Amino acid sequence: MMLSSSDFASGSWELVVRVDHPNEEEQKDVTLRVSGDLHIGGLMLKLVEQINIAQDWSDFALWWEQKHCWLLKTHWTLDKYGVQADAKLLFTPQHKMLRLRLPNVKTVRLRVSFSAVVFKAVSDICKILNIRRSEELSLLKPSGDYFKKKKKKDKSNKEPIIEDILNLEGSPTTSGPPVSPGLYSKTMTPTYDPVSGTPASSTMTWFSDSPLTEQNCSTLAFSQPPQSPEALADMYQPRSLVDKAKLNAGWLDSSRSLMEQGIQEEEQLLLRFKYYTFFDLNPKYDAVRINQLYEQARWAILLEEIDCTEEEMLIFAALQYHISKLSLSAETQDFTNESEVDEVEAALSNLEVTLEGGKADNTLEDITDIPKLADNLKLFRPKKLILKAFKQYWFIFKDTSIAYFKNKELEQGEPVEKLNLRGCEVVPDVNVAGRKFGIKLLIPVADGMNEVYLRCDHENQYAQWMAACILASKGKTMADSSYQPEVLNILSFLRMKNRNSASQVASNLETMDMNPECFVSPRCAKKHKSKQLAARILEAHQNVAQMPLVEAKLRFIQAWQSLPEFGLTYYLVRFKGSKKDDILGVSYNRLIRIDAATGIPITTWRFTNMKQWNVNWEIRQVAIEFDQNVSIAFTCLSADCKIVHEYIGGYIFLSTRSKDQNETLDEDLFHKLTGGQE
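Here's what I pulled together on the structure shown here. Note that the structure is a prediction, hence the values are computed from the model and not measured.

For the structure shown, the criterion picks out six cavities of 30 Å³ or more. Reported here for the second largest cavity is a volume of approximately 60 Å³. Taken together, Val118, Phe119, Val122, Ser134, Glu135, Leu137, Ser138, Ser254, Lys274, Tyr275, Glu646 and Phe670 make up the full set of residues lining the second largest cavity. Within the residue set of the lining of the second largest cavity, elements represented by two or more residues are α4 (118–129) and β8 (137–140). Top element by residues in the lining of the second largest cavity is α4. It accounts for three residues. Its residues assigned to classes, the lining of the second largest cavity comprises six nonpolar, three polar and three charged.

Below, the discussion takes up unusual backbone geometry. Positive phi, close to 60°, is recorded for His68, a residue that is not glycine. Structurally, His68 is set in the loop between β3 (60–64) and β4 (69–71). Unusually for a residue other than glycine, Arg435 sits at a positive phi of about 50°. Among the structural elements, Arg435 can be located in the loop between β15 (425–431) and β16 (436–445).

With that out of the way, let us pick up helix α17 (residues 530–541). Taking 1.5 Å of rise per residue, twelve residues should cover 16 Å, and α17 covers 16 Å from first to last C-alpha, within 8% of that figure. All of the buried residues in α17 are Leu533, Ala534, Ala535, Ile537, Leu538, Glu539, Ala540 and His541.

Glancing now at the pattern of salt bridges. Tallying each qualifying case throughout the model produces 34 salt bridges. Between Arg132 and Asp280 there is a salt bridge, with its nearest N and O atoms 3.5 Å apart. Linking Arg132 in the loop between α4 and β8 with Asp280 in the loop between β10 (268–273) and α9 (287–302), this pair joins segments that are 148 residues apart in sequence. In terms of burial, Arg132 and Asp280 fall into one category: buried. Residues Arg289 and Asp286 are paired through a salt bridge, measuring 3.1 Å at the closest nitrogen-oxygen approach. Ionic contacts of the salt-bridge type, sharing partners, join the residues Arg132, Arg133, Glu135, Glu136, Asp280, Asp286, Arg289 and Arg657 into one network.

Any pair of aromatic rings gets described here by the distance separating the centres and the angle formed by the planes. Throughout the structure, instances matching the rule amount to 31 aromatic pairs. With a centroid separation of 6.1 Å and 40° between ring planes, the pair formed by Phe437 and Tyr462 is classed as tilted. Of the two residues, Phe437 sits in strand β16 while Tyr462 sits in helix α13 (residues 459–473), which places them 25 residues apart along the sequence. Judged by relative accessible area, which is 0%, Phe437 ranks as buried. Tyr462 sits in the buried class, given a relative accessible area of 3%. Three or more aromatic residues joined by ring pairs form one cluster here, namely Phe273, Tyr276, Phe278, Trp560 and Phe566.

The rules behind these values
- Residues numbered from 1 in each chain as written.
- Predicted model: local features only at pLDDT ≥ 70, side-chain atom pairs only at ≥ 80, totals over all residues.
- Heavy atoms only, no water.
- 1 Å grid on protein atoms, 1.4 Å probe; cavity = no way out; pocket = protein on both sides within 12 Å on 5 of 7 lines; lining within 4 Å.
- Points joined across faces, edges and corners; volume = space filled by probe spheres on them.
- Helix = DSSP H or I, 4+ residues; strand = E, 2+ residues; numbered from the N terminus.
- Nonpolar A, V, L, I, M, F, W, Y, C, P; charged D, E, K, R; others polar.
- Expected span 1.5 Å × (residues − 1).
- Buried < 20%, exposed > 50% of the residue type's maximum accessible area, 1.4 Å probe, protein only.
- Salt bridge = Lys/Arg side-chain N within 4 Å of Asp/Glu carboxyl O.
- Phe/Tyr/Trp six-rings, centres within 6.5 Å; stacked < 30°, edge-to-face > 60°.

Next comes the structure, spelled out in structure tokens:
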């Protein structure tokens with residue numbers, strides 16, 4: 001092609017852009033003559049004119065392959081972006097298809113923005129799936145062999161497994177004005193029946209932003225039938241703490257787009273609850289959210305991603321059995337029956353309740369009178385080569401500390417010892433059948449953790465002291481409004497563990513339709529004969545048999561939350577000055593340094609005592625400063641340090657949420673706390 005002298009004078013040059021044609025397999029190259037002062041919007045206009053195909057190009061944008069970034073600022077010039085003749089640009093749609101494996105192991109296929117940051121993309125996904133509080137979820141790219149089925153030894157099974165995919169391709173993620181992610185106003189009409197979790201049919205279409213049909217909605221809001229024991233055994237892998245740490249390496253960076261992180265169209269990712277602080281779970285609006293949370297908890301227990309005792313495993317099994325029975329009967333019901341109450345009536349009565357406000361509590365009493373506990377308990381401090389010998393003392397629990405005395409008469413004098421529980425680890429040490437009600441306290445001291453065991457006499461005493469310890473570890477006293485609910489929660493969990501009479505169970509065993517190995521981990525199933533396991537599950541089931549469906553799921557979630565390891569995400573790290581690798585556990589309120597070989601906690605640091613944290617990107621080291629001149633620094637070995645940095649910032653961001661915020665999220669604050677500004 002001959003160049004005229006005016007081309008040289010104007011400083012124009014040739015730029016080749018590849019175009020992703022929506023209806024054609026091949027990408028085509030288009031050559032344009034441009035100059036450095038042409039802005040991106042002008043370049044796209046030129047491109048579309050030259051392609052000369054009438055279609056909607058509004059979702060298309062330019063992707064710069066070498067720099068691995070989108071050119072989304074349409075008013076910027078090529079010079080400002082630094083685009084020159086050697087740049088490889090791709091003109092491609094911003095929204096592409098993605099497959100997401102949900103916590104209930106169901107795969108959905110939907111159109112997602114590959115140009116928005118992941119935080120925003122997840123918010124759009126949750127809007128489609130009708131899940132509120134999208135900031136608690138994120139996308140996880142599992143290791144390479146995660147989706148591959150293990151090779152079956154049995155050759156006779158020739159039928160290929162066709163994965164059941166829920167296709168939501170038609171769901172527009174960007175339709176209409178932007179709505180805040182899956183939120184509802186205080187006056188919104190309930191979208192679900194709070195007892196059974198079924199969609200309240202006509203309100204779905206009236207009040208919900210989600211394009212889900214009722215059919216799809218119930219698929220996501222109902223529990224899937226239990227997997228066969230064989231399928232469970234296939235998925236099960238005994239995992240050490242180091243293995244668990246590897247699982248958490250795949251979280252995507254919330255401040256960058258899918259395309260920037262090398263995610264391909266039609267790739268399969270996991271959508272998971274990443275942050276274990278579930279804000280404002282409400283059965284009226286959250287049937288999908290509660291079900292997916294229940295499913296994530298269920299799989300964590302079945303695959304032993306979290307440890308629990310055999311007694312607890314049987315309660316989880318009984319609840320699963322109960323939920324699967326109720327889900328089957330609920331799914332066979334016809335959803336079309338209209339609710340009796342007129343929708344507008346319901347909205348108005350809801351508004352009335354909101355305007356009148358709740359009952360006024362006696363808050364003044366709470367402020368002036370901090371309750372205390374005083375009772376005889378047994379205490380034991382583990383020392384090497386000494387058998388467990390519990391000794392009785394008189395204990396007083398006040399504010400956030402426990403003092404103990406030789407006997408009640410001496411309580412006015414000096415205590416034997418005073419334990420400050422702020423920032424400690426509280427671990428239940430309970431066996432209901434054996435009438436053992438223990439509390440293990442790991443109290444942080446300068447050089448590690450102080451271990452103390454308390455032993456209570458009965459359920460009620462245990463529930464009161466345990467609840468007080470849990471609150472004190474978070475820096476709260478028994479005057480806090482969450483104390484009473486915590487006591488009741490602990491008691492209800494203990495009652496579920498209570499073993500009932502066997503007579504009823506024997507008759508149930510005959511008429512039973514249960515495959516007990518579906519409801520416990522493969523390791524637990526191996527220890528018992530099938531009939532024996534079924535009898536024990538039915539025994540535990542008697543305590544929950546009257547529970548409605550959604551309440552049973554919420555109870556399962558609460559029981560999961562009460563496990564000692566709940567909410568801990570593990571990473572393999574090397575602390576500054578240390579010669580060996582350790583495990584770092586990240587939780588919603590603390591960091592724990594754990595010995596990688598033994599799994600024993602070494603030190604705990606609370607977020608409330610954190611002054612600042614930052615990342616040295618050159619040496620990939622996270623440094624954190626706490627009160628009282630405590631500072632730590634570590635490099636991450638099992639994942640990028642950005643992932644750990646984002647986890648800490650994300651939890652601090654979530655702790656700023658309150659119900660008064662009109663429920664809009666401060667996305668800028670999230671990125672400020674998690675971005676780390678490389």
